[in-house]
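Below are the chains, spelled out letter by letter.
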Amino acid sequence: MSLRDTATNLARELLQKTTKTPHQKTILFVGSRSVGKTTLINRFLDRNDPAKKTLTLDYTFARKTSSHSLTKDICHIWELGGGALFTSVLVNGNSFTSYGPLSVVLMLDLSELGQLWNCMESLLDSIKRSLSLANQQIDELAQRICDDHPDRPFMDPFPTPLVIIGGKYDIFQEYEPEKRKIVCRCLRYISHVLCATLLFYSSKDAALVKRVKDVLNHHAFDAPLLKTTCQDYNKAVCVPCGSDLFESIEGVRTVTKHSLDKMRNFYTTHFPQDESKASSTILEDPNPVNDPNFREPLIDALRRQKDEELERYCLEMERREKRSL
């Protein structure tokens, strides 16, 4: 083979690598209102932008140079705002899986224990109803649990990889020990049943931020699995998918068919859910006109012009009514 032929072949191989279709994945962020989902996404993307209020559904993406080619892999990032108020937009879950495997990040507010369970249950139910996974994704589901895991027959894995993040841990860690113990037990139980990864997080703790970023990098770009494990309720809990045991959570060796209803009753007995507070947020305007985070000079000018025209019209109609009397 001539030197020219060798160079041509090398150039062709390089071209094939550079034109290779990038791997794509999707992460859907859902969770409690104002728990810090947008701030976490900005941290993951290494952005210093001030967090804006998410209006229903927001989109961004992350790119990272692939280890197996010169292309940049892509992670599509969707964020659902409003807690559990706007789950109707998740009606077509297939739109989230059309660009590759989907992972769900559920972020719960540890400072609002009286709303945590209802928010979690509503969001998980809505996502589960909206998803219709392809066969290859269902096959990947089984790989999240080792065949020899003693709890495998009693688990009910979520339809897609799930990460449960307890946000505002800096507030939660100041609670009395018994409260922390109950919350940790319940969330470990739910995470284990659903075969989810559980970890507590605070944007004010650099170590916890790094830990969450490592988990997100795994789901976005196949980075190594998180190896850190902490089940101590006196510390920031971190329990990777499949690493827990019902015996460790409940303190009994007898394994029976586990039900989420059992843990729901246990949690809500200690932390009654505040239905009135959750429903009152429905009346809140999700798109305030005067919010400085969403200023658009051209649109705002047109809006002011229309408001002035409407005011003049109302005044004119009022004068006409007075004349007719």
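What you see is a predicted model, and the numbers here were worked out from it, not measured in a lab.

Chemist: Any chance you could explain the sheet that holds strand β5 (residues 162-167) here in plain terms?
Modeler: Pairing between the strands of a sheet is mediated by backbone hydrogen bonds and can be parallel or antiparallel. With mixed pairing, the 7 strands of this open sheet are ordered in space as β2-β3-β1-β4-β5-β6-β7. Of all strands in the sheet, those with a lone pairing partner are β2 (57-65) and β7 (238-239), marking the two edges. Of the strands in this sheet, β1 (24-31), β2, β3 (72-80), β4 (102-109) and β5 touch helix α2 (residues 37-44), which is tilted by about 170° from β3.

Chemist: Could you clarify how one ought to interpret the nonpolar core in this entry?
Modeler: Within soluble globular proteins, side chains that are nonpolar tend to cluster in buried spots. Ranked by size, the top nonpolar core spans 48 residues in total, and within it L106, L162, L187 and F200 carry the most contacts. No other element matches the 9 residues that helix α7 (residues 177-194) contributes to this core. When residues no more than four places from it in sequence are discounted, the contact partners of L106 are V30, G31, M120, L123, L124, L162, V163, I164 and I165. M107, I165, V215 and F221 belong to the second-largest nonpolar core, a separate cluster that totals 25 residues.

Chemist: Even after reading the chapter, I still don't get the packing of aromatic side chains, so can you show me in this structure?
Modeler: In this description, an aromatic ring pair is defined by two values, namely the gap between the centres and the angle between the planes. The full count for this structure, using the stated rule, is 8 aromatic pairs. Ring centres of Y169 and F172 lie 6.3 Å apart, and the angle between their planes is 45°; this geometry places the pair in the tilted category. Of this pair, Y169 and F172 both sit in helix α6 (residues 169-172), 3 residues apart, which is roughly one turn of the helix. When sorted by exposure, Y169 lands in the same class as F172, which is buried. Here the basic side chain of K179 rests over the ring of Y175, its NZ or CZ set 5.6 Å away from the ring centre.

Chemist: Looking at this model, I keep getting lost on the pairing of β3. Mind explaining?
Modeler: Successive side chains on a regular strand alternate, one facing one side of the sheet and the next facing the other. Judged by how many residues are buried, β3 sits mostly within the fold: 7 of 9 residues are covered. In this sheet, β3 lies alongside β1 in parallel orientation, the contact comprising 6 bridges. Bridge assignment links F29 to a residue of β3, and that residue is E79. The sheet contact formed by β2 and β3 spans 9 bridges and is antiparallel. From the neighbouring strand, F61 faces β3, where its bridge partner is H76.

Cut-off values and rules
- Residues numbered from 1 in each chain as written.
- Predicted model: local features only at pLDDT ≥ 70, side-chain atom pairs only at ≥ 80, totals over all residues.
- Heavy atoms only, no water.
- Pairing = 2+ DSSP bridges.
- Helix = DSSP H or I, 4+ residues; strand = E, 2+ residues; numbered from the N terminus.
- Contact = heavy atoms within 4.5 Å.
- Axes fitted to C-alpha atoms, helices over the stretch in contact; angles between N-to-C directions.
- Core = buried A, V, L, I, M, F, W, Y, C linked by side-chain atoms within 4.5 Å.
- Buried < 20%, exposed > 50% of the residue type's maximum accessible area, 1.4 Å probe, protein only.
- Phe/Tyr/Trp six-rings, centres within 6.5 Å; stacked < 30°, edge-to-face > 60°.
- Lys NZ or Arg CZ within 6 Å of the ring centre and 35° of its normal.

So, to be careful, I would describe these as geometric facts and stop short of saying anything about function.
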